[in-house]
Amino acid sequence: MTGILYFFVIIFANMVGAISGMGGGVIIKPILDLIGRHSVAAISFYSSTAVFTMAIVSTFRQIKSGGIHLNMVRVLSVSGGAIVGGILGNVLFDYLLGYFGKGGSVQLVQIILTIITLVFAFLYSRYEWKSFHLHHLGWYIFCGIILGFLASLLGIGGGPINVSLLMLMFAMPIKEAAVYSICTILFSQFAKLTTIATTTGFLMYDLSMLFFVIPAAFLGGLLGAKISNILSPDKVTIVFQSVILVVLLINIYNGWLLLK
């Protein structure tokens, strides 16, 4: 029953995540927290696996369709930074688990930071703050480190801050920022999963859940990439803002439950 529930949550989350460039984790993580069937570490692992699978499918579909022309030097610069940030984020996540000694406190830290990034992303997309038009590759690497770090630490795979920060720093249109965001998510989650594999390993998790997680992530990524090529930038913005508001409410509710 839990696997089937996860299956449908992940299909929807990854479809919306691929369209908006958020990655599905920003939806998967709080909903799985709300369901409450697994530990915070297990949920973070399932979310990262789902988002990594979606990012592979979505990136391949976007490149194949030719809808957005990617500057590969920029992609590799952001993604290289995301790998470093992803490793650092996972190291801090493990440290917090050890320091607090219980998942609830770490989950609350994740929720607070996620709410902050959601509010920033919504305000930026709603009020169209001035962009900086940065061009030096060093800024792309720096941006990737920040995004990879937050994606890995928060267990959300990417989130709305990816798209917003790319638009803010480099004045990208939202659909282009969404594609670069998915590429960044691909590399940051690869770094997170590699770090898990070389430290704690995967045997501490219920791996049978991956029979539901991976196919759902694959289907969600395919559907999202296909719909993304059809929608106009204005429609993508509406999807982006709508998801932010819904996920913001879920995170606030989850935080309230933890504080009760």
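Note that this is a predicted model, so its numbers are computed, not measured. (Residues numbered from 1 in each chain as written. Predicted model: local features only at pLDDT ≥ 70, side-chain atom pairs only at ≥ 80, totals over all residues. Heavy atoms only, no water.)

Draft legend 1. Spotlight on the nonpolar core. Judged by nonpolar contacts, the single largest core of 71 residues is most densely connected at Ile 10, Ile 27, Tyr 46 and Leu 166. Here Leu 166 is in contact with Cys 143, Leu 147, Ala 171, Met 172, Ala 177, Tyr 180 and Ser 181, once residues within four sequence places are set aside. (Core = buried A, V, L, I, M, F, W, Y, C linked by side-chain atoms within 4.5 Å. Buried < 20%, exposed > 50% of the residue type's maximum accessible area, 1.4 Å probe, protein only. Contact = heavy atoms within 4.5 Å.)

Draft legend 2. Up close: helix 1 (residues 2–20). The end-to-end C-alpha distance of helix 1, which contains 19 residues, comes to 27 Å, matching closely the 27 Å that a straight helix rising 1.5 Å per residue would cover. Of all 19 residues that make up helix 1, 14 are buried, and the element is covered over most of its length. Directly after helix 1, the chain includes Gly 21, whose backbone phi takes a positive value near 85°. (Helix = DSSP H or I, 4+ residues; strand = E, 2+ residues; numbered from the N terminus. Expected span 1.5 Å × (residues − 1).)

Draft legend 3. Highlighting the packing of helix 2 (residues 25–35) against helix 10 (residues 233–259). Following both chains from N to C, one finds helix 2 and helix 10 inclined at 30°, their axes separated by 10 Å at the closest point. Taken together, the axis directions place helix 2 and helix 10 in an arrangement best described as roughly parallel. Of the two possible hands of crossing, helix 2 and helix 10 adopt the one that is left-handed. Taking contact as the criterion, the partners of Val 26, Ile 27, Pro 30, Ile 31, Asp 33 and Leu 34 in helix 2 are, on helix 10, Val 243, Val 247, Ile 250, Asn 251, Tyr 253, Asn 254 and Leu 257. Taken together, the residues that form the contact of helix 2 with helix 10 break down as ten nonpolar, two polar and one charged. (Axes fitted to C-alpha atoms, helices over the stretch in contact; angles between N-to-C directions. Parallel < 35°, antiparallel > 145°, perpendicular 65-115°, else oblique. Left-handed = near helix turned anticlockwise from the far one by under 90°. Nonpolar A, V, L, I, M, F, W, Y, C, P; charged D, E, K, R; others polar.)

In short, the description is geometric, and any link to function would need to be established separately.
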